[in-house]
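# Working through the structure, step by step
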Amino acid sequence: PYGQPVGGYNDAGLAQSYFKYPWAVAPFLDGYAVSDAENNAVRLIRAESIQTVNGSTTERLATTQLGVAFAYPTGLAADEEGNLYVSDTHNNAVRKISPKGVVATVAEGLSEPMGLCWKNGALYIAEAGAHRVVKLRDGKLSTVAGSGEEGLADGPAEQAAFSAPQGVAVGDNGAVYVSDTGNSAVRMVRDGEVTTLAVRDVSLARAGLTAPRGLLVQGDRLYICDGFARKVFVLRLG
């Protein structure tokens with residue numbers, strides 16, 4: 001429609017470049033990586049330009065120098081060694097791109113992995129299609145929380161229920177915060193128990209929290225990006 005932003009795919013200067021559906025951002029090399037989900041690509045924002053790190057697009061049927069074709073990349077996370085982790089959502093895998101451009105698959109056989117968070121040597125993954133959160137450490141996957149059944153239920157982590165969680169963040173105290181997107185809720189996993197911190201009030205016609213996704217922990221505050229509500233909410237912790 002007239003007046004709406006127009007997406008596309010173009011690597012160029014900052015003002016001339018186009019994205020189609022930027023999903024997440026994380027530090028990488030000398031700039032910031034952005035997952036451009038609908039272009040099936042990971043892009044790199046540098047001081048004066050934007051380039052494709054790797055991937056392919058339906059608009060430009062080519063694979064870049066790294067030779068990896070992503071299918072709807074979403075979540076990103078970076079570790080202390082400068083590696084970039086990418087949720088290759090429609091390929092049901094998580095990839096790692098080293099600072100030298102080497103791409104490796106670190107987890108596969110997942111179901112629509114989305115939000116990522118690196119913390120204390122482990123990669124936390126919001127596995128939207130399996131309605132759970134998993135953790136990758138030393139090449140081994142384990143379940144953080146979620147029975148695998150869709151629903152909204154607190155309690156012991158292995159019995160708790162989520163609905164298509166899309167975001168995850170981890171606090172310094174070890175608490176795992178989850179954007180339970182399908183339930184319009186934010187949940188917390190701590191000491192093996194899941195609790196609901198916030199949930200949409202359906203009695204309000206213009207309720208706030210609707211489709212939480214991106215999460216960021218800063219001190220005693222949790223910042224929540226809600227794409228549907230077009231708002232960023234702040235939740236005080238503790």
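Here's what I pulled together on the structure shown here. (Residues numbered from 1 in each chain as written. Predicted model: local features only at pLDDT ≥ 70, side-chain atom pairs only at ≥ 80, totals over all residues. Heavy atoms only, no water.)

## Here's the deal with the overall build of the chain
Applied cut-off: Only DSSP runs of H or I reaching four residues or more are called helices, and only runs of E reaching two or more are called strands; each is numbered from the N terminus. The cut-offs for exposure are 20% and 50% of the maximum accessible area for each residue type, with area from a 1.4 Å probe on protein chains only; residues under the lower value are buried, those over the upper are exposed, and the others partly exposed. Contacts are assigned to residue pairs that have any heavy atoms within 4.5 Å of one another.
Helices and strands together make up the secondary structure of the chain, namely zero helices and 20 strands. Across the 238 residues of the chain, 46% fall into the buried class. Sequence separation of at least 24 residues holds for 36% of the intrachain contacts in the chain that already meet a minimum separation of 6.

## Regarding the packing of aromatic side chains
The relation between two aromatic rings is expressed through the spacing of the ring centres and the mutual angle of the planes. We apply this condition: Here a pair means two rings of Phe, Tyr or Trp (six-membered ring of Trp) with centres within 6.5 Å. Their orientation is stacked below 30 degrees between planes, edge-to-face above 60, and tilted elsewhere. Geometrically, a charge over a ring is one whose NZ (Lys) or CZ (Arg) sits within 6 Å of the ring centre while staying within 35 degrees of the ring normal.
This model, assessed by the stated rule, comprises two aromatic pairs. Taken together, a centroid distance of 6.5 Å and an interplanar angle of 40° make the contact between Tyr 21 and Tyr 72 tilted. With Tyr 21 in the segment before strand S1 (22-28) and Tyr 72 in the loop between strand S4 (50-55) and strand S5 (73-78), the pair connects residues that are 51 residues apart, well separated along the chain. The class for Tyr 72 is buried, based on a relative accessible area of 19%. Seen from their ring centres, Tyr 85 and Trp 118 are 5.3 Å apart, and the 10° between their planes marks the pair as stacked. Separated by 33 residues along the polypeptide, Tyr 85 in strand S6 (residues 84-88) and Trp 118 in strand S9 (residues 113-119) bring together distant segments of the chain. The residue whose ring lies beneath Arg 187 is Phe 162, and the NZ or CZ to ring-centre distance is 4.6 Å.

## Considerations on the layout of surface pockets
The condition that has to hold: Using protein atoms alone on a 1 Å grid, points that fit a 1.4 Å probe yet trap it form a cavity, whereas open point sets bounded by protein on both sides within 12 Å along at least five of seven lines form a pocket; residues with an atom within 4 Å of a point count as lining. Grid points are joined across faces, edges and corners, and a volume is the space filled by probe spheres set on the points. Side-chain classes are defined by residue name, with Ala, Val, Leu, Ile, Met, Phe, Trp, Tyr, Cys and Pro counting as nonpolar, Asp, Glu, Lys and Arg as charged, and the others, Gly among them, as polar.
By volume, the largest pocket is sized at about 1000 Å³. Of the residues that constitute the lining of the largest pocket, the class distribution is 25 nonpolar, eight polar and four charged. One number sums up the size of the second largest pocket: a volume of about 160 Å³. Every residue lining the second largest pocket is counted, 13 residues in all, and those nearest its centre are Asn 173, Tyr 177, Arg 190, Leu 237 and Gly 238. Every element with two or more residues in the lining of the second largest pocket is listed here: strand S16 (185-190) and strand S20 (231-236). Along the lines of polarity and charge, the residues of the lining of the second largest pocket split into six nonpolar, four polar and three charged.

## What to know about the sheet that holds strand S18 (residues 212-218)
Put simply, the rule reads: Only strands that DSSP links by at least two bridges are regarded as paired with each other. Helix axes are fitted only over the stretch in contact, all axes being lines through C-alpha atoms; the angle between N-to-C directions runs from 0 to 180 degrees.
Ordered by their spatial adjacency, three strands build an open sheet running S18-S19-S20, and the pairing between neighbours is antiparallel. In this open sheet, the two edge strands, each paired with only one partner strand, are S18 and S20. On average, adjacent strands in this sheet sit at an angle of 25° to one another, irrespective of strand direction. Bridging between strand S19 (residues 221-226) and S20 involves six bridges; their strand directions are antiparallel. Bridge pairing in S20 places Cys 225 opposite Val 232.

## Side note on the pattern of salt bridges
To keep it simple, the criterion reads: Only one rule defines a salt bridge in this text: a Lys or Arg side-chain nitrogen within 4 Å of an Asp or Glu carboxyl oxygen.
For the coordinates displayed, the defined rule picks out 10 salt bridges. Taking the shortest distance from any N to any O, the salt bridge between Asp 154 and Arg 187 comes out at 2.8 Å. Pair noted here: Asp 154 is in the loop between strand S12 (140-145) and strand S13 (155-156) and Arg 187 is in strand S16, with a separation of 33 residues, a long-range link. Given a relative accessible area of 41%, Asp 154 falls into the partly exposed group. Note that Asp 220 and Arg 221 form a salt bridge whose closest N and O atoms lie 3.2 Å from each other. Given the relative accessible area of 30%, Arg 221 is considered partly exposed. Connected through salt bridges with shared partners, the residues Asp 11, Asp 36 and Arg 43 form a single ionic network.

## A word on a nonpolar patch on the surface
Basically, it comes down to this: Excluding any residue in a salt bridge, patches collect residues exceeding 30% relative accessible area, merging like charges within 9 Å and nonpolar Val, Leu, Ile, Met, Phe, Trp and Tyr side chains within 5 Å. Accessible surface area values rest on a Shrake-Rupley calculation with a 1.4 Å probe, where residue burial reflects the displayed protein chains alone.
Where nonpolar side chains cluster on the molecular surface, the patch consists of Leu 216, Tyr 223, Val 232 and Val 234 and spans about 350 Å² of accessible area. Relative to the assigned elements, Val 232 resides in strand S20. On the basis of relative accessible area, Val 232 is assigned to the exposed category, the value being 55%.

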